[in-house]
Amino acid sequence: MEINFNTYDTIISLKNIHEAWREFISDKRYKNDVAEYALALSNNISNLHHDLKNKTYIHFGYKAFSINDPKPRNIHKAIVRDRLLHHAIYRILYPYFDKKFIHDSYSCRNFKGTHKACNRFRDFARKVSKNHSRTCWVLKCDIRKFFASIDHLILLNILKRHIFDVDTLWLLEKVIESFSSTQKGKGLPLGNLTSQLLVNIYMNEFDQYIKHTLKIKYYIRYADDFLVLSDKKEELKSLLVLIDTFLKERLALLLHPNKVFIKTFASGVDFLGWVNFSDHRVLRTATKRKMFRKLKESNKKETIQSYLGMLKHGNGFKLRNRVTNFL
């Protein structure tokens, strides 16, 4: 499928909106705002389709709230009508863009995720270290205020290189411009399904630069968290300068000054909630605290089973016993 002149019609079709609704309500049907929307579902979907067809659609604002995950995060929640549209957009555009992403991008993609990223990290470390017979160095970077820093104009220009349907571009611009963070024209809302896809499209520019311009073999990215592995420390120091320059000049992003380091894999590298070593991984202290805080708030069987499943991916025998005690 190409993003061509009839893609917009596919996105806004009644069939696609109804399919998007079925996906949207899978875990939300008992939420008050969703239940209220569902009371007049046929009319609501018909009105949304009408507004989109006639290009009179307006994206409404957001309800803001904070969560600790484990650090404080600002979530912005759109109304049900707009969230339904996000799903309708996502289900058509995701398959097209996912094929363009590199293999080692693991955030918000089907059949990827944190555990596969950690396993890939372990495999890369074993290859670089020649089965742990030499030192493997790891450059780990994090982007400062990632979602809040996405530049709308840069993002739209990237989209124009892939999408040739002006109506689809119009709709995406409506969604993108519906939110600003620190200043107008900056930021995507942490909470929109479309934001997950859009930040991957944005960072794909960086991924392609790393893989095809710099030809870096051992590179992994999960959202704004990324790693490069090498057996040469000086090589990573030189690479860091190029990374910093590209992010600033091409994507208007800044590396987090306190979250960039180069260290040996054997000394333990904190990545995606786990501290990774050559022969094992242990749960990060902050992740551990968050887990037990959540269990004290809710000791539902499914919550406990979820954490037990997570702990299977690392060395957490004692932790699994403590979690089992909540049953």
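Each remark here, short or long, concerns the structure printed above.
Here's a quick rundown of the structure. (Residues numbered from 1 in each chain as written. Predicted model: local features only at pLDDT ≥ 70, side-chain atom pairs only at ≥ 80, totals over all residues. Heavy atoms only, no water.)

Here's the deal with the overall build of the chain
Phase 1 of the analysis: A count of helices and strands for the chain gives 14 helices and nine strands.
Phase 2 of the analysis: Within the chain, the proportion of its 327 residues that are buried is 47%.
Phase 3 of the analysis: For the chain, long-range pairs separated by at least 24 residues make up 68% of all intrachain contacts whose partners lie at least 6 apart in sequence.
Phase 4 of the analysis: Put simply, the chain shows about 17,100 Å² of open surface, and 51% of that area lies on carbon and sulfur atoms. (Helix = DSSP H or I, 4+ residues; strand = E, 2+ residues; numbered from the N terminus. Buried < 20%, exposed > 50% of the residue type's maximum accessible area, 1.4 Å probe, protein only. Contact = heavy atoms within 4.5 Å. Areas by Shrake-Rupley, 256 points an atom, 1.4 Å probe, with all protein chains shown as cover.)

Comments concerning empty space enclosed by the protein
Phase 1 of the analysis: Enumeration over the complete set of coordinates arrives at one cavity of 30 Å³ or more.
Phase 2 of the analysis: If you add up the space inside the largest cavity, you get close to 50 Å³.
Phase 3 of the analysis: Mapped by element, the contributors of at least two residues to the lining of the largest cavity are α5 (80-98) and α10 (193-213).
Phase 4 of the analysis: Considering every element that reaches the lining of the largest cavity, the biggest residue donor is α10, with four residues.
Phase 5 of the analysis: Tallied by class, the residues present in the lining of the largest cavity amount to seven nonpolar, one polar and no charged. (1 Å grid on protein atoms, 1.4 Å probe; cavity = no way out; pocket = protein on both sides within 12 Å on 5 of 7 lines; lining within 4 Å. Points joined across faces, edges and corners; volume = space filled by probe spheres on them. Nonpolar A, V, L, I, M, F, W, Y, C, P; charged D, E, K, R; others polar.)

Brief notes about the packing of aromatic side chains
Phase 1 of the analysis: A full pass over the atoms with the stated rule returns 15 aromatic pairs.
Phase 2 of the analysis: Geometrically, the ring pair formed by F206 and Y219 is edge-to-face, given 6.0 Å between the ring centres and 75° between the ring planes. With F206 in helix α10 and Y219 in strand β4 (residues 219-222), this residue pair connects regions lying 13 residues apart in the sequence.
Phase 3 of the analysis: Aromatic rings pair up to connect F206, Y209, Y219, F226 and F246 into one cluster.
Phase 4 of the analysis: The aromatic ring of Y8 is capped on one face by K55, whose charged end is 6.0 Å from the ring centroid. (Phe/Tyr/Trp six-rings, centres within 6.5 Å; stacked < 30°, edge-to-face > 60°. Lys NZ or Arg CZ within 6 Å of the ring centre and 35° of its normal.)

Re the packing of α5 against helix α9 (residues 166-176)
Any two packed helices are characterised by the angle at which their axes cross and by the distance between the axes.
Phase 1 of the analysis: Where α5 contacts α9, the two axes come as close as 12 Å, and the packing angle between them is 130°. Taken together, the axes of α5 and α9 lie oblique to each other. The element α5 and its partner α9 pack so that their crossing is left-handed. Taking contact as the criterion, the partners of L85, H86, I89 and L93 in α5 are, on α9, L171, L172 and V175. (Axes fitted to C-alpha atoms, helices over the stretch in contact; angles between N-to-C directions. Parallel < 35°, antiparallel > 145°, perpendicular 65-115°, else oblique. Left-handed = near helix turned anticlockwise from the far one by under 90°.)

Quick notes on the layout of surface pockets
Phase 1 of the analysis: Volume-wise, the second largest pocket comes out at about 230 Å³.
Phase 2 of the analysis: As for the second largest pocket, its lining consists of 16 residues, and the residues nearest its centre are Y218, L229, S230, D231 and E235.
Phase 3 of the analysis: For the lining of the second largest pocket, the secondary structure elements donating two or more residues are α6 (114-128), β5 (225-230) and α11 (233-251).
Phase 4 of the analysis: Within the lining of the second largest pocket, the residues separate by chemical class into seven nonpolar, one polar and eight charged.

A word on the environment of L283
Phase 1 of the analysis: Relative to the helices and strands, L283 resides in strand β9 (residues 281-283).
Phase 2 of the analysis: On the accessibility criterion, L283 (6% relative accessible area) is buried.
Phase 3 of the analysis: L283 sits ten residues away from G273 along the chain, and the two C-alpha atoms are 6.2 Å apart.

Examining α6
Phase 1 of the analysis: The end-to-end C-alpha distance of α6 is 21 Å, a good match for the 21 Å that 15 residues give at a rise of 1.5 Å each.
Phase 2 of the analysis: Within the sequence span of α6, burial applies to A117, C118, F121, F124, A125 and V128. Along the long axis of α6, the arc covered by the buried residues comes to 120°, so they all point the same way.
Phase 3 of the analysis: In this fold, the buried residues of α6 make contact with β3 (137-142), β4, β5, β7 (269-271), β8 (274-276) and β9. (Expected span 1.5 Å × (residues − 1). Arc of directions from axis to C-beta.)

Section: the sheet that holds strand β6 (residues 261-264)
Phase 1 of the analysis: If you walk across this open sheet you meet the four strands as β4-β5-β3-β6, and the pairing is antiparallel. On the outer flanks of this sheet lie β4 and β6, each paired with one strand and no other. Across the sheet, the axes of successive neighbouring strands diverge by a mean angle of 20°, strand direction being ignored.
Phase 2 of the analysis: Its contacts with the sheet place α10 against β4 and β5, and it is angled at close to 170° to β4. (Pairing = 2+ DSSP bridges.)

Some points on the pattern of salt bridges
Phase 1 of the analysis: Summed over the entire model, instances satisfying the criterion amount to 20 salt bridges.
Phase 2 of the analysis: When the shortest N-O distance is used, the salt bridge between D82 and R81 registers 3.1 Å. The burial state of D82 is the same as that of R81; both residues are buried. (Salt bridge = Lys/Arg side-chain N within 4 Å of Asp/Glu carboxyl O.)

Scope: geometric values only; no functional claims are made or implied.
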